[in-house]
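Chain by chain, the residues:
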Amino acid sequence: MRILSIRFKNLNSLAGEWEVDLTHPAFTGDGLFAITGPTGAGKSTLLDAVCLALYGQTPRQPRISQAQNEVMSRQTGECFAEVVFETPQGRWRCHWSQHRSRKQPDGSLQPPRQELSEADSGRLLASKIRDVAERIEQLSGMDFERFTRSMLLAQGSFAAFLQAAPDERAPILEQITGTSIYSDISVAVHRRRGEERQALEQLQAAQSGLQLLDEEEEAALGRELAQVDEQAREQQQQVDQQQQLLNWRQQLDQESQQLAQLQQQQSALQQEQQAFEPQQQSLERAQRAEALRPAYEPLRQRRDDLHRVETRLAELAAGVPALQQRYESACTQQAQVQQTFEHAEAEYERQQPLLRQLHEQDWKLREQQAKVNELKAALPAELLEAPVPDAEQMQRALQQSEQALEALLAGSTRPRLQAQQDEVRSRGEQLSELRNLVRQREEWRRAIEGFNARVSALKPEQSRVHQLIEQDRRDEARLLQEQQDLQKMQRLAERIADLEQQRQELEPGKPCPLCGSEEHPWRSETPPQMNAERARLQAVDQRLAELRTGLQQSIAQQARLEQDEQGLRQQQEEHHKRCEAMEPALKECLEGLELAVRPSLEDVDSLHQSARQQWGELRDRLAEVDRLEQQIKQQQEEQARLQQRLALESAQEALNTLQQQRRELSTEPDTRAFEMRLQQSVRQSREQLEQARQQVSEHQQALNRRQQQLSDLEGQQTALRTDVERMQQAFAQALAESLFGDEAALQAALMPETERTALQQAADRLKERSAHLHALMEQSRNRLALLREQALTEQSAEALENHLQQLKAEQAQRLEQRGSLQRALNDNEIKKQQFGAQQKAIEAQLRELERWELLHELIGSADGKKFRNFAQGLTFELMVSHANRQLQKMSDRYLLVRDSEQPLELNVVDNYQAGEVRSTKNLSGGESFLISLALALGLSGMASQNVRVDSLFLDEGFGTLDEEALETALDTLAGLQQEGKLIGVISHVQALKDRIATRIEVTPLSGGRSRLDGPGCRSLA
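These numbers come from a predicted model, not from an experiment. Think of each chain on its own: its residues are numbered from 1, step by step along the sequence as written. Reporting of local features is limited, given that this is a predicted model, to residues whose pLDDT is at least 70; pairs of side-chain atoms are given and counted only at 80 or more, and all residues count toward the totals for whole chains, interfaces and linings. In computing side-chain values, all of the structure's heavy atoms are included and hydrogens and water are not.

This part covers the overall build of the protein. For helices the rule is a DSSP run of H or I covering at least 4 residues; for strands it is a run of E covering at least 2, with both sets numbered from the N terminus onward. Scanning the protein from N- to C-terminus turns up 26 helices and 16 strands. If you take every contact in the protein between residues at least 6 apart in sequence, the share linking residues at least 24 apart comes to 77%. Accessible surface for the protein amounts to roughly 60800 Å². Of this, 47% is attributable to carbon and sulfur atoms. Throughout, a contact is declared for two residues whenever any of their heavy atoms are within 4.5 Å. With residues, only the protein chains shown are counted as cover, and all accessible areas are computed by Shrake-Rupley using a 1.4 Å probe.

As structure tokens, this is what we get:
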């Protein structure tokens, strides 16, 4: 992952919008840049912008929300951060922003927004904060914690770790590596072990609270329950027998009462039948009258129809005179309207010639008025009101301007002058580029000369150290030989001393068991003590140790000198390569400028100044040409407006003439309205004539319809009278044959259908009720006779009920006793089941507790140290492995190893001192920085997993370094460029400005604001 550009607005002291392009050649060429400025100026804000854009939080403010934002600049209403970064999958742009309401400083904070898109195509990938976080982690392989450990190197924290006491290292390492979760797990295991213990104690306490019956008590309760069950069955039989007697007595009493009630209902029904007798007679007469209804009803209907026809005939005959009068009045009105229509048509035809003249004159007026309006619209209002200018004076001014322009151009044109200016500007840019290349090449040449001088200065020292090493090795060989001789003599003396017992056993004249000699000179003499040789050997050992120490130091010094020479030659070679890489660009500039020889820096400055002066002269000349051309254009426009003003006055005079001619033709102001009035008069007369004709037709039709209606009704009247006479004869004959004396008696007997139906239904109900009561009484008498035949008891229902309640009370007591016994047995059974279940739960809880006890023994502790120290040991081992790989890239001298006795103790193996193991507390400033940086890079490699991180930032650690250590640190950081990494160093140390060429300056301004200066930096305000 590589950061390509940073863009942000209103973050901390850097108010306004800023952009830092990390693809600028200054960054890609050196690979190392510094972010410098005073303390508090805002150097770390660049890192805050990167973290905000990618993850919406910063190391100094982990939570930014609608309720809290401390990174937005004071007195501003919005802020944002945007980063363009590159991964193996492509280039991406991530944007984070937040603003206040209405983007005002006093507005309330709004929710932050974040989006991720493709940098090249702009295609949006995610626009929600959670989705963006997931996609960022997918693309970069890092969440916020891993990102801050991978790109923001914790060199300062590791420097503190190396110097801390053993008890203080665990918290520091936990903070650096983010292993606090292991402390939490250890504490959680300890707490869970306590919870499982408490759960077991609760289960055991609950089990101990259960009280079970013994076997004898349970058997006694079972026997007593069987006896009570037998007594309860006997009592149930007695209750059933008594209930049967009570049911028989109650049923006998109910049947007797029901029979009495039915007899009462029969008496009441007989009274209702007597009361209904008059209505029954009326119903019978009505039924007889219904037989004559087929003959009577048609006659009555024909009488009604005849009466209605006669009434309608009289009404229609009375309205005929009024219809006749309305018809005659309509005919008179039609004649009057016809005369008015003919007069209107004649007047319209008489005015036609005048209308044609007026239309023609109106068209001419409209055309002329449109022409006048068009000319007025083309002229400004102030010119219409101002007096007419002098045309000749305007022409002379135009000619003078054209002559001045011609003299200024001197036969050339403006495009040619513009082309000359572009050519001069292009030449100036090429000269500027050539000047930068010459200056850069001169700086690199001086740097190469400096490297050569430093390499030459190293030669005498290298020769001296080499001679010293050769002398030390010769002295070492001599001392080793002397040491071997003395050691051999000492071993011989010790061997002689060890044969003391064998010497005492030698006898004169007998052979020695070792050499076979019969003479034994050492039997009586004391062996040599070798005290002088021992002292001499100790002196040789001491001198040899001192010599070896000096030799190791000389070898280490020789290695350092060789490493310094190698570094200088490498830098010298890099500068040579840069100079060679610059040659094509330099040659291209010289060819573009058509320079045969390579000029000096002073010559390039002179040529550049001359090009600037020439460009300025052409700029002034073009500005004057533009002014004259604009003046000529303005004069030509004024002359054109003068011609328009003259044409307007001529058109206005012609319009006045046409208006006078129109007034002489007619006083009517509007020809169209005059013609429409004539047409309206003709149209109204025609409409009135049509209405009059329609009214005459309508009145005539109404009179004809009335006469036809009268004729039709007279025919109906004749037919109805014939039908009534015929039907009257047939009805009279049927009435004579019936029981009714006349038509009035028949009408009195007839009933409406609803009344007759209601009476019939009431009569039917009385019959049904009588039959139903008779059947019920018969059934009741039969049931009563059957019950009396059984004769189960003579006791009353009340006596039977009392005896039954007594039996039930005794039964309830017995059942309650049985229930109590049964509950006791059931409770005991439930308790036995609970006891078994709790026993299983206790056994399961014991197994669970054993599991947590084992885990607690391994990693659990109240303060979390046990698992934290174990996990930190593994993490520290892995981190040291990563750090050694980084350290080998920087120098082959050092190797990091863990102390076998102190897990968090770190030692350094110095390969230049025969593998001597040194404590990190004895390192120099430069060595401490080298080790700390290797650890920080190792942590970065761990955090980024398999992701390649090509952008790194250091925000601390340079303030305490001396000159030599600072030089070593910068050489080490510069060496990382070979891996393609871009290193940013954030510091306020002045010495960094002298040693790092590429810098981003953070300059404080008034009011707590700052600004950025440097390559690739620009303000977008």
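Two aromatic rings from Phe, Tyr or Trp, using only the six-membered ring of Trp, form a pair when their centres are within 6.5 Å; if the ring planes differ by under 30 degrees the pair is stacked, by over 60 it is edge-to-face, and anything between is tilted. Scanning the entire structure with this criterion turns up three aromatic pairs. Relative to Phe 953, the ring of Phe 33 lies with its centre 6.4 Å away and its plane at 85°, an arrangement referred to as edge-to-face. Taken together, the residues Phe 33 in strand E3 (residues 32-36) and Phe 953 in strand E12 (residues 951-954) connect sequence positions 920 residues apart. Buried, partly exposed and exposed residues are distinguished by accessible area as a fraction of the type maximum, computed with a 1.4 Å probe on protein chains only: under 20%, between the cut-offs, and over 50%, respectively. A residue is classified by how much of its surface remains accessible, and Phe 33, at 2% relative accessible area, is buried. With a centroid separation of 5.7 Å and an interplanar angle of 70°, the aromatic rings of Tyr 55 and Phe 144 are classed as edge-to-face. Here Tyr 55 is found in helix H2 (residues 45-55), whereas its partner Phe 144 is found in helix H4 (residues 144-151), with 89 residues between them in sequence.

Among the surface-exposed residues, Asp 214, Glu 215, Glu 216 and Glu 217 lie close enough to one another that they form a single negatively charged patch. In this structure, Glu 215 sits in helix H8 (residues 215-275). Looking at Glu 215, the relative accessible area reads 69%, which means it is exposed. Each patch groups residues whose relative accessible area exceeds 30% and which form no salt bridge, using 9 Å between like charges and 5 Å between nonpolar side chains of Val, Leu, Ile, Met, Phe, Trp and Tyr. By convention in these notes, a salt bridge is any Lys or Arg side-chain nitrogen within 4 Å of a carboxyl oxygen on Asp or Glu. The positive count covers Lys and Arg only, the negative count covers Asp and Glu only, and His and the chain ends enter neither. Charge positions come from single atoms, namely NZ of Lys, CZ of Arg, CG of Asp or CD of Glu.

Moving on to the packing of H8 against helix H22 (residues 797-859). The angle between two axes is taken between their N-to-C directions and runs from 0 to 180 degrees, where each axis is a line fitted to C-alpha atoms and a helix contributes only its stretch in contact. Following both chains from N to C, one finds H8 and H22 inclined at 155°, their axes separated by 8 Å at the closest point. With respect to H22, the axis of H8 lies roughly antiparallel. Crossing of H8 against H22: the hand is left-handed. Amino acids outside the nonpolar list (Ala, Val, Leu, Ile, Met, Phe, Trp, Tyr, Cys, Pro) and the charged list (Asp, Glu, Lys, Arg) are all regarded as polar, and Gly is one of them. Classifying every residue of the contact of H8 with H22 gives 15 nonpolar, 13 polar and 11 charged. Working definition: roughly parallel below 35 degrees, roughly antiparallel above 145 degrees, roughly perpendicular at 65 to 115 degrees, and oblique for all remaining angles. By convention the crossing between two helices is left-handed if the near helix lies anticlockwise of the far one by an angle smaller than a right angle, and right-handed if it lies clockwise.

By size, the foremost hydrophobic cluster in this structure holds 50 residues, and its most contacted members are Ile 3, Phe 8, Leu 54, Phe 85, Phe 147, Ile 1000 and Leu 1012. Residue contributions to this core peak at nine residues, all from H2. Leaving out residues up to four positions away in the same chain, Leu 54 has contacts with Met 1, Val 83, Phe 85, Cys 94, Gln 114, Ile 136 and Phe 147. Put simply, buried Ala, Val, Leu, Ile, Met, Phe, Trp, Tyr and Cys residues joined by side-chain atoms within 4.5 Å make one nonpolar core. With 18 residues, the next largest nonpolar core counts Leu 299, Leu 713, Met 727 and Leu 750 among its residues.

Next up on the list: the sheet that holds strand E11 (residues 916-919). Any two strands between which DSSP finds at least two bridges are classified as paired. Ordered in space as E9-E10-E11, the three strands form an open sheet in which the pairing is antiparallel. Strand pairing shows two members of the sheet lacking a second neighbour, strand E9 (894-898) and E11, which therefore form its edges. Each adjacent strand pair in this sheet contributes to an overall mean axis angle of 35°, direction not counted. With four bridges joining them, strand E10 (residues 906-910) and E11 adopt antiparallel strand pairing. Looking across to E11, one finds that Asn 907 is bridged to Ser 919.

On to helix H17 (residues 531-593), then. One less than the number of residues in a helix, times 1.5 Å, gives the span that helix is expected to have. The first and last C-alpha atoms of H17 sit 91 Å apart over 63 residues, in line with the 93 Å expected at 1.5 Å per residue. Bending is quantified residue by residue as the angle between axes fitted to the seven-residue window ending at that residue and the seven-residue window starting at it. Of all the bends in H17, the largest measures some 30° and sits at Glu 583, one to four residues before the proline Pro 584. Once H17 ends, the next one or two residues include Glu 594, with phi positive near 60°.

This part takes up the environment of Gln 61. Among the secondary structure elements, Gln 61 is positioned in the loop between H2 and strand E4 (78-87). Separated by 10 residues in sequence, Gln 61 and Val 71 have C-alpha atoms that sit 8.0 Å apart.

Turning our eyes to something else, we now look at the UniProt feature "coiled-coil region" (unreviewed entry) in the protein. UniProt positions are given in the numbering used here, feature names are shortened, and annotations may be inferred rather than shown by experiment. The UniProt record annotates "coiled-coil region" (unreviewed entry) at residues 218-272, 358-454, 482-509, 618-730 and 790-817. Span residues 790-817 is 79% helix and 0% strand, its end C-alpha atoms 38 Å apart.

Of note in the backbone geometry, Arg 102 takes a positive phi value of approximately 60° without being a glycine. Within the secondary structure, Arg 102 sits in the loop between strand E5 (90-99) and strand E6 (113-118). What makes Arg 102 exposed here is its relative accessible area of 60%.

Turning our eyes to something else, we now look at the sheet that holds strand E16 (residues 1017-1019). Pairing is antiparallel in the open sheet, where seven strands are placed in the order E7-E6-E5-E4-E1-E2-E16. Each edge of the open sheet is held by one strand with a lone partner, namely strand E7 (124-126) and E16. Adjacent strand axes in the sheet meet at a mean angle of 20°, parallel and antiparallel pairs treated alike. In this sheet, E5 lies alongside E4 in antiparallel orientation, the contact comprising 10 bridges. Across the sheet, Phe 80 pairs through a bridge with Ser 97, a residue of E5. Helix H3 (residues 129-140) rests against E4, E5, E6 and E7 of the sheet, and its axis sits at about 40° to E6.

This part takes up the pattern of salt bridges. For the coordinates displayed, the defined rule picks out 27 salt bridges. Between Arg 769 and Glu 272 there is a salt bridge whose closest N-O contact spans 2.7 Å. With a gap of 497 residues between them, Arg 769 in helix H21 (residues 753-790) and Glu 272 in helix H8 connect regions that are remote in the sequence. When its relative accessible area of 35% is taken as the criterion, Glu 272 is described as partly exposed. With a shortest N-O distance of 3.6 Å, Asp 723 and Arg 302 are connected by a salt bridge.

Before going further, it helps to examine the side chain of Arg 100. With respect to the helices, strands and loops of the structure, Arg 100 is situated in the loop between E5 and E6. Buried within the structure, Arg 100 lacks any salt-bridge partner; its nearest side chain of opposite charge belongs to Asp 106, at an N-O separation of 7.7 Å. Beyond its immediate sequence surroundings of up to four residues, Arg 100 is in contact with Met 72, Thr 76, Gly 77, Pro 105, Gly 107, Ser 108, Leu 109 and Gln 110.

In regular strands, side chains alternate between the two faces of the sheet. A large share of strand E13 (residues 982-987) lies buried, amounting to six of its six residues. Burial along E13 is two-sided: Leu 982, Gly 984 and Ile 986 facing one way and Ile 983, Val 985 and Ser 987 facing the other are all buried. Relative to E13, E3 is paired through five bridges, and the arrangement is parallel. Looking at E13, one finds that Leu 32 is bridged to Ile 983. Relative to E13, E12 runs parallel, the two sharing four bridges. By the bridge assignment, Phe 953 is partnered in E13 with Gly 984.

Time to look at the side chain of Thr 58. With respect to the helices and strands, Thr 58 occurs in the loop between H2 and E4. Pairs of N or O atoms within 3.5 Å make up the polar contacts considered here, provided that, within protein, one atom can donate a hydrogen while the other can accept it, and that residues adjacent in sequence are counted only when both atoms are side-chain atoms. Here the side chain of Thr 58 touches Gln 61 through a polar contact of 2.8 Å, landing on its backbone nitrogen. Not counting the four nearest positions on each side in its chain, Thr 58 is found in contact with Asp 48, Cys 51, Leu 52, Val 71 and Phe 144.

We now examine the environment of Ser 97. Within the fold, Ser 97 resides in strand E5. Through-space distance from the C-alpha of Ser 97 to that of Cys 79 is 5.8 Å; in sequence the pair is 18 residues apart. When neighbours within four sequence positions are excluded, Ser 97 is seen to be in contact with Cys 79, Phe 80, Pro 112 and Arg 113.

Moving on, we come to the environment of Gln 334. Along the chain, Gln 334 falls in helix H11 (residues 320-350). Measuring from C-alpha to C-alpha, the distance between Gln 334 and Gln 695 comes to 8.7 Å, with 361 residues separating the pair along the chain. Gln 334 has contacts with Leu 689, Ala 692, Arg 693 and Val 696, leaving out every residue within four places of it along the chain.

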